[in-house]
Amino acid sequence: MLKKVLSIFISCTFTISPVIAHASFGGFCNNLCLSNKQAEIVGKRLEKLTQIVNNIIINNKLDASIIKKYQNSKFPRISKHFVLDIDDSLLDGNISPENLKRWLDHLDDAYEAYVDLVGKGYDKKVQIIGANITNWAEAHYYDLTNPHIKWNKAVMPEALQLINDKDDWSFGILHEIGHLFDFDNRWVFDFELFANFKKTYIYDILGAKTTWDRDKIHTKENITDFHCSKSEIGQKKSELNNNSTALEKLDDFMVCKLGELKEIIGWNPIKNVFRNFPSDVLNKFDLFMNLLSNESGHSIDETMSEEDYKTVIDYYNPN
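What you see is a predicted model; the values in this text were computed from it and never measured. The residue count restarts for each chain, going from 1 along the sequence in the order it is written. This being a predicted model, a pLDDT of at least 70 is required before a residue's local features are given, and a value of 80 or more before pairs of side-chain atoms are given or counted; all residues contribute to the totals for chains, interfaces and linings. Hydrogens are left out, water is left out, and the side-chain values use all remaining heavy atoms of the structure.

Undergrad: Just checking my understanding: could you explain the overall build of the chain for this structure?
TA: Per the convention used, a helix needs a DSSP run of H or I reaching at least four residues, while a strand needs a run of E reaching at least two, with both numbered from the N terminus. Summing up its helical and strand segments, the chain has 14 helices and 6 strands in all. The classification of residues rests on relative accessible area computed with a 1.4 Å probe and restricted to protein chains. Under 20% of the type maximum is buried, over 50% is exposed, and intermediate values are partly exposed. Expressed as a percentage of its 319 residues, the buried residues of the chain come to 47%. Partitioning the intrachain contacts of the chain with sequence separation of at least 6 by distance along the chain shows that 60% fall at a separation of at least 24. Counting every atom, the chain has about 16,200 Å² of accessible surface; 50% of that belongs to carbon and sulfur. By definition, residues are in contact when any of their heavy atoms lie within 4.5 Å. For the accessible areas, the method is Shrake-Rupley and the probe is 1.4 Å, while residue cover comes only from the protein chains on display.

So, in structure tokens, the structure goes:
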């Protein structure tokens, strides 16, 4: 009902003509005349309110569908920003309901930290869906109205046990959420680099911890060092294009160097670059680094040798 009333009010009030006060509701506004500027401001606010109401309706429908699907389950599946579409058979024996709720709370905190980092979030909750896929997990955000993560059912038992036993936040799921916060990919010159670098913000400000090889714990104190330990460059561009292992090492190298630069400049200049990055840019690497330098007074080349910097530029800049 509220949605319908708002829709009628906005339609009647703000689409008839600029002389809104004299044309709306059969003269009702004669004594409440608004200037064109006031009408524009009120119209935008009501449009935003309608969007909020629509989002509430969409998310309530999503929540209701999951509640119905798992109505006999003891496990929580709905949080502020996420909906879990995962069968009981994958949860039972691997994680307790209480610890699943604890993990969902962590993911909600991480979601809000990503919003703080890049400046915006999604209107719809993110679904995490158990799926029969080849990859460990996959982030899907090509349709910005339906952000979701597919999680390989085969890897879930071990991951859930770590979440249950060690209060692990899940390196892989945090990584995939990081992909979601690239939205239209306007600043992305390397997908894995940005997912991993943005993820380090979650460790930095929330104290997230994740497990690697079951016994190595990543925290804010060592997450950048972890990427540095895996990094290596030196290959020619042609070799990088045909070598997935070399590309992964380059990704880690760049996470390492951006992390080292972040220690000098802090996160605020990086936040400003995300917020102000334009769309439809060809040389994304150059622009990202130039904007970052303008915001901070420091340059990424301060963290690497001249030879390494030339290799990076050669790879990321289009021919």
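Undergrad: Please clarify how the pattern of salt bridges should be interpreted in this entry.
TA: It is possible for side chains of opposite charge to pair when their charged atoms get near one another. Each salt bridge in this description consists of a side-chain nitrogen of Lys or Arg and a carboxyl oxygen of Asp or Glu lying within 4 Å of one another. Inspection of the entire model under this criterion finds 13 salt bridges. Here K80 ties to E112 by a salt bridge, and the two come within 2.9 Å at their closest N and O atoms. Placement of the pair is K80 in the loop between α3 (36-69) and β1 (82-85) and E112 in helix α5 (residues 97-118), with a sequence separation of 32 residues. Relative accessible area serves as the criterion here: at 34%, E112 is assigned to the partly exposed category. For K101, the salt bridge is made with D105, and the minimal N-O distance between the two is 3.0 Å. With K101 and D105 both in helix α5, this residue pair falls 4 residues apart, about one helical turn. Its relative accessible area of 40% is what places K101 among the partly exposed residues. Several salt bridges share partner residues, and in doing so they unite D204, K262 and E263 into one network.

Undergrad: Just checking my understanding: could you explain the packing of aromatic side chains for this structure?
TA: The geometry of an aromatic ring pair is captured by two quantities: the separation of the ring centres and the angle between the planes. Classification of ring pairs rests on two measures: the distance between centres of Phe, Tyr or Trp rings, Trp counted by its six-membered ring, which must be within 6.5 Å, and the angle between planes, read as stacked under 30 degrees, edge-to-face over 60 and tilted in between. The final tally for this structure, using the stated rule, is 24 aromatic pairs. Measuring from ring centre to ring centre gives 5.2 Å for Y114 and F181, while their planes differ by 15°; the resulting arrangement is stacked. Taken as a pair, Y114 in helix α5 and F181 in the loop between α7 (171-180) and α8 (191-206) lie far apart in primary sequence, 67 residues in all. The class for Y114 is buried, based on a relative accessible area of 0%. Whether a charge sits over a ring depends on NZ of Lys or CZ of Arg being within 6 Å of the ring centre and within 35 degrees of the ring normal. Seen from the ring of Y70, R77 lies directly overhead, with NZ or CZ sitting 3.7 Å from the centre. Across from the ring centre of F183, 4.6 Å away, lies the NZ or CZ of K120, which sits over that ring.

All we've got here are geometric facts, nothing functional implied.
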